[in-house]
Amino acid sequence: MSTESRAIVVDRPGSHRLTVGARPAPGPGEVLVKVAAAGICMSDREVYDGHRDAAYVRYPVIPGHEWSGTVEATGEGVDPALTGRPTVAEGFRACGTCERCRCGETSLCGGGYAETGFTEPGAFADHVVVPARLLHPLHPDADLAAAALLEPAAVIAGAVRTGRPSPGERIAVVGAGTLGMLAVQLLAASSPGELVVIDPRAERGRQALDFGASESLTPGEAEAYHGRFDLVVETAGAPSTAASSCLLARRGGRVVLTGMFTPGAVGIDPVHLSLSQLEVRSVFGAPSSAWSDAVRAFGLGLLDPAPLITHEFPLEQFGEAVALVGGGDPKTGKVLLRP
């Protein structure tokens, strides 16, 4: 067992370095995890570029909130039997005692924002230390590269819980990125009557069909489907997709927004919202219950993120890896760092 540990530190926007230091030690109630794989997503790119809201990042920071690994050591008060277990862990460091946490809505914790990889050291490193209460242990033979995508899968599991799909319903997924593809897999398990994916990229649409979608449309083609769907799950976060998702829903339908929108996005028409009696919900992060759903689906084989991985890099090539994310190449799927 090495006594050293490497980490990518982003000191300030646009500036990073690879550090080598002592292997961190878990404190009381914590575990030390040897990182197997860590995914890079657009929010990591925003941290690197300096575009993330200042309230949701603390520089200098070790990024990395999508990850998997193996428990290497346990701190005081933690069951030592966890050592050697493959695992993932929730990112939000919810307090567990506020009103929202006590209601099970840990992603709405009122105790202050703290999240692995944004305000706390993350997994773009050889090791990461997290509270043991946040762990979701995996099957001993779990694919740890694929498991690194269980964080976005938990977000989608939360969206599916919120959307309440029923067998036979007509469902649309707006966006065929990582979130959209994971949504297709989880929604396909609900036996929909139709499962339509909407994305301008033909190649991504074809992959969605392999994941269980019944049809793939471009945004232009989707205009003929306005008012058709019982449930619309928006995953793109593009400037127009919140508004267009509401137009796709039938009267009395349900819309769940999971994309991260930027200021200036097209607003939802309040007249259409009122007259159509739509139910519109948003999802930011994932509560503990959604993590449990995602891990369970992964263990049962209902969720297979592995085909979404297109690139893997060592820590030393972080700069090259982060440049791919959001670069616009339709052939770029999920990019992983493999310490």
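Residues numbered from 1 in each chain as written. Predicted model: local features only at pLDDT ≥ 70, side-chain atom pairs only at ≥ 80, totals over all residues. Heavy atoms only, no water.

- Looking at an unreviewed UniProt entry, one finds the protein chain named 2-deoxy-scyllo-inosamine dehydrogenase and attributed to Streptomyces longisporoflavus.

## Notes on the overall build of the protein chain
Here is step 1 of the chain: In terms of regular secondary structure, the protein chain is built from 11 helices and 15 strands.
Here is step 2 of the chain: C-alpha extents for the protein chain along the principal axes are approximately 60 × 40 × 35 Å.
Here is step 3 of the chain: Within the protein chain, buried positions represent 53% of all 339 residues.
Here is step 4 of the chain: Residue pairs in contact within the protein chain that sit at least 24 positions apart in sequence constitute 69% of those at least 6 positions apart.
Here is step 5 of the chain: Accessible area for the protein chain stands at about 14,500 Å²; split by element, carbon and sulfur atoms hold 52% of it.
Here is step 6 of the chain: Of the charged side chains in the protein chain, 28 are positive and 38 negative, and the gap between their average positions amounts to 3 Å. (Helix = DSSP H or I, 4+ residues; strand = E, 2+ residues; numbered from the N terminus. Buried < 20%, exposed > 50% of the residue type's maximum accessible area, 1.4 Å probe, protein only. Contact = heavy atoms within 4.5 Å. Areas by Shrake-Rupley, 256 points an atom, 1.4 Å probe, with all protein chains shown as cover. Lys, Arg positive; Asp, Glu negative; His and termini not counted. Charge placed at Lys NZ, Arg CZ, Asp CG, Glu CD.)

## So, the packing of aromatic side chains
Here is step 1 of the chain: Summed over the entire model, instances satisfying the criterion amount to seven aromatic pairs.
Here is step 2 of the chain: When the centroid spacing of 4.8 Å and the interplanar angle of 65 degrees are considered together, the rings of Y56 and Y113 count as edge-to-face. Of this pair, Y56 sits in the loop between α1 (42-49) and β4 (66-74) while Y113 sits in the loop between α2 (99-102) and β6 (127-131), and the two are 57 residues apart along the sequence.
Here is step 3 of the chain: For the pair Y56 and F284, a centre-to-centre distance of 6.1 Å together with 75 degrees between the ring planes defines the contact as edge-to-face. Residue Y56 is found in the loop between α1 and β4, and its partner F284 is found in the loop between β13 (279-282) and α10 (288-300); the two are separated by 228 residues along the sequence.
Here is step 4 of the chain: A relative accessible area of 33% places Y56 in the partly exposed class.
Here is step 5 of the chain: Taking relative accessible area as the criterion, F284 reaches 37% and is therefore assigned partly exposed.
Here is step 6 of the chain: One aromatic cluster is present, formed by Y56, F92, Y113 and F284 through successive ring pairs. (Phe/Tyr/Trp six-rings, centres within 6.5 Å; stacked < 30°, edge-to-face > 60°.)

## So, the nonpolar core
In globular proteins that are soluble, nonpolar side chains generally tend to be buried together.
Here is step 1 of the chain: L138, L150 and L187 are the most contacted members of the largest nonpolar core, which has 49 residues in total.
Here is step 2 of the chain: Every element with two or more residues in this core is listed here: β3 (30-40), α3 (144-147), α4 (150-163), β8 (170-174), α5 (178-188), β9 (194-198), β11 (229-234) and α10.
Here is step 3 of the chain: Per-element tally for this core: the top contributor is α4, with eight residues.
Here is step 4 of the chain: Setting aside residues up to four positions removed in sequence, L150 forms contacts with V88, L138, W291, A294, V295, F298 and L303.
Here is step 5 of the chain: Among the nonpolar cores identified, the runner-up in size contains 32 residues, and I8, V47, F318 and V322 belong to it. (Core = buried A, V, L, I, M, F, W, Y, C linked by side-chain atoms within 4.5 Å.)

## Side note on the packing of α4 against α10
Here is step 1 of the chain: Their axes nearest at 8 Å, the elements α4 and α10 cross at an angle of 110 degrees. Judged on the interaxial angle alone, α10 and α4 are roughly perpendicular. The hand of the α4/α10 crossing is right-handed. Of α10, the residues touching α4 (which contributes L150, E151, A153, A154, A157, G158 and R161) are S289, A290, W291, D293, A294, V295 and F298.
Here is step 2 of the chain: A breakdown of the residues in the contact of α4 with α10 according to their chemical character gives nine nonpolar, two polar and three charged. (Axes fitted to C-alpha atoms, helices over the stretch in contact; angles between N-to-C directions. Parallel < 35°, antiparallel > 145°, perpendicular 65-115°, else oblique. Left-handed = near helix turned anticlockwise from the far one by under 90°. Nonpolar A, V, L, I, M, F, W, Y, C, P; charged D, E, K, R; others polar.)

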